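A look at the structure
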Amino acid sequence: MAAHVADRGGHLARLVPQLAARVPVERSSATDPETERFVLYGCVADLLARASAEYPVLIVLDDLHWADRPSVQLLRHVATTEVALRVAVLGTFRDSEVAAGDPVADLVAAMHREGGALRVGLRGLTDLDVLALMETIAGHDMDDDGVALRDALLAETEGNPFFVGEILRHLAETGAIYQLDGRWFADPDLRAAGLPVSVREVVGRRLVTLGADTERVLRLAAVIGRDFDIGLLAAVAQVDEDSLVDLCDAAVAAAVLQTTEDPERYTFAHALIEHALYDGLSPARRSRAHHAVAEQLETIVGENPGERAGELAYHWAAAVQPTDTSKAIHYAQVAARRAVEQLAPDEAVRWYTEALDLSDRAPIRDERERAEILVGLGDAQRQSGIPAYRETLLDAAHLADRLDAVDLLVRAALASNRGFFSTLGDTDHEKLAVIDRALERLDDPDNADRARLLAIACAERLYVADIDELLALADDAIATARRSGDRGALAAAVFATYAATVVPWTLDLRAERAEEARALAEELDDPALRLRANRSGLERADLAAIRRHAAIIEETAAHVPAAPQRWTAAFDRVLHAILRGDLVEAERLAEAAYTYGAATGQPDALGIFGAQLANIRDHQGRFDELIPLIEQTIVDTPGLPVYQAGLADAIAKTGDVERATTLLDAHVAGGLSMTADSAWSTAHGYWADAAVRVRHVATAERVRERVAPYHDQIVTAQITVHPVFAHYLGTLEHLLGRYDDADRWFSEAMQIHVRLEAPLLIAYTQAASAALLADRKQGDDHTRARAMADAALTTASAGGYGDIEADARAVLERLD
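Fair warning: this is a prediction, and the values are worked out from it, not measured in the lab.

**Concerning the environment of Asp407**
Within the secondary structure layout, Asp407 lies in helix 20 (residues 406–415). Among the residues examined, Asp407 registers a relative accessible area of 40% and is labelled partly exposed.

Right under this line is the structure:
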């Protein structure tokens, strides 16, 4: 434990508060609850790894059908973590209580897909099993009467072990079966009398023997819950604590209750006993009992209910009468906020939904309170991955604005943020309007929330504002965050604005801000920010930074099981596989990233998979296969003009010169219009390639002029990999007849690609340079051309780089 805390910090104190009494712990300063929640999950895996390194560990989880979603998510993380564990998990659940969409149902489906799990269906005990159980209890073989009793038990219990045991106990207590001279016999009237037909009847008959006072107390205990405190039950039942202990001990002897390690607490021997007692109360009695429990619990915990907030909310909700509605709503919100603090947003969704329902039923509705509930509900829904969060927060924002509740309007606007734009290739105008309205009404220039609002206003405007406006918003957001002194706000502002300003001419500024983001990530111990802040190495052709990013990807996958971060790490792996030249692995990784992203509800999973698949197919010389998909994408996402450039390149590679020329003519006439976003460089790479293939001089000249200032930058959309701009400049100068300039560009491109140790990119430049030398025909150009073409062909044939292979063969055929 000490080694774990020294390495990973005190995050586990969230789950085990007593940890703070054993080792020094500090609360995390991560920038968002989702990251902190999943850091916690990573810490659980780390501690299990340390423990299981010494001894194999078996974890037994009973009654999983009652587990909430965060608990199931934690279980899934432990079961699928890439951390080395010697751990087996045995979980039990009643499939009859697990419906489609329940957390356990999703877990079972996921484990089936991912492997590593064995599902064992349990049926009731067979006739031989029940006979063996009876003979084990009796200590002798069963005679004909015993076999008849076995048959009667099976008929009534269907072999349920708990029911079998309870009914046997009941029969022994009532004398229906009895022991004589060391052997057990059944009462001759047993068949006529029949067996109890339910556990409720068994429990009811046993309680009768305990007396009316004990039965009344135990029913009140069942209202409190499976486990209960002596002090609370004594207050509710209005009995002396010593007398209550006597009653409870009698119930222990009757196997209705069990003692616990805490001498002040008892627990029901089985959940079904508790349920049977609770169900035996009339609705009116239940409501009054819950009211009594709620009042006494409120007296005990005082103004700060802490971990008992959920109990208070539960009892007030179950006790609610018109006069109690305000308390029920209050404690539902207290429980919800506590759940958020404890990194359990699914539980918070449940309590906020309860509060909202109670608010709707209240005799007089408090509109501000309702707005506050909606804000909390929407935030919890977003953290839980529930798409309805958008509508909930929009409703909250509009209501808060009408009520002049600026604080709630700001909270609603901020809660809808996922750290960057909402939709790939589109703008959420309703959400943007709420953000702008919150900025309009929040007039404090040094407010940390204002900095966050400015940052997400920048991110959301990506597809509707020009780059200068975005940069101005980014500068304003970062400056405001600095003035506020809030480091978390600064981290959020740096990242959100970084994602909205990814174009070649901002690389130096972004590199500077990425360095600051890396420092903030370490300061705040925020692994999600650490992953985001280390992605600029590829553009700068910085191999050390790229390798650092690769290491962070694996660390993130191992220790931060947050779905968005693991998905980001998954598709980032594709880039590294392409750089290594392994297109088969890159395609496998892209499919795995899409599968994971789709399964965890990432809204851009399909769009990013499509872009990465197009990148891989392009390198494989199979770009033409995607033409129908590209055409449909252009229709579906008009906000992503990069696909129009990609279509021109794909058609040019089919040899359809006429159609490709027509497309390029239209693009040039439109000024080669391209959104200033992360796909700007990719679009110009497509246009350059298409222009060279169909010898479209107008496109070549325009693209050459635009990209020359960025000659040493790798062409990438942050999710794809193409050669450096110097390579494309070489091909364009070759087309334009400037052979010596082309040679110089190819030389620069080769140096950069070699520095990156990227065989795919090296082969691209070797093939293109060979084609240039074959045309220039100066000195030993043809000898050099043959050597380069041979080298490119060898690499391309081994790696499956179809276009490069075809281009290299074409050069060699010309030289023969």
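Having seen it, we continue.
**Brief notes about the packing of aromatic side chains**
Taken as a whole and assessed by the stated rule, the structure comprises 8 aromatic pairs. Summarising the aromatic geometry, the rings of Trp505 and Trp680 are spaced 5.3 Å apart at their centres and angled 90 degrees between planes, so their arrangement reads as edge-to-face. Here Trp505, found in the loop between helix 24 (487–500) and helix 25 (507–524), pairs with Trp680, found in helix 34 (residues 680–694); they are 175 residues apart in sequence, far enough to count as distant. Summarising the aromatic geometry, the rings of Trp505 and Tyr710 are spaced 6.2 Å apart at their centres and angled 40 degrees between planes, so their arrangement reads as tilted. Linking Trp505 in the loop between helix 24 and helix 25 with Tyr710 in the loop between helix 35 (697–707) and helix 36 (725–735), this pair joins segments that are 205 residues apart in sequence. Three or more aromatic residues link up through ring pairs in this structure, and these residues are Phe228, Tyr266 and Phe268. For Arg350, the ring lying beneath its charged end belongs to Trp351, and the centroid distance is 4.6 Å.

**Describing the side chain of Thr480**
Along the chain, Thr480 falls in helix 23 (residues 467–484). With residues near it in sequence (within four places) discarded, Thr480 still touches Pro445, Asp446, Asn447, Arg450, Ala451 and Leu454.

**Topic: the pattern of salt bridges**
For the structure on display, the rule yields 53 salt bridges. Linking Arg452 and Asp486 is a salt bridge whose minimum nitrogen-to-oxygen distance equals 3.6 Å. Of this pair, Arg452 sits in helix 22 (residues 448–460) while Asp486 sits in the loop between helix 23 and helix 24, and the two are 34 residues apart along the sequence. With relative accessibility at 27%, the residue Asp486 sits in the partly exposed group. As a salt-bridge pair, Arg693 and Asp689 come within 3.5 Å of each other at their nearest N and O atoms. Of this pair, Arg693 and Asp689 both sit in helix 34, 4 residues apart, which is roughly one turn of the helix. By sharing partners, the salt bridges in this structure join Asp618, Asp649, Lys653, Asp689, Arg693, Asp803 and Asp807 into a single network.

Calculation notes
- Residues numbered from 1 in each chain as written.
- Predicted model: local features only at pLDDT ≥ 70, side-chain atom pairs only at ≥ 80, totals over all residues.
- Heavy atoms only, no water.
- Helix = DSSP H or I, 4+ residues; strand = E, 2+ residues; numbered from the N terminus.
- Buried < 20%, exposed > 50% of the residue type's maximum accessible area, 1.4 Å probe, protein only.
- Phe/Tyr/Trp six-rings, centres within 6.5 Å; stacked < 30°, edge-to-face > 60°.
- Lys NZ or Arg CZ within 6 Å of the ring centre and 35° of its normal.
- Contact = heavy atoms within 4.5 Å.
- Salt bridge = Lys/Arg side-chain N within 4 Å of Asp/Glu carboxyl O.

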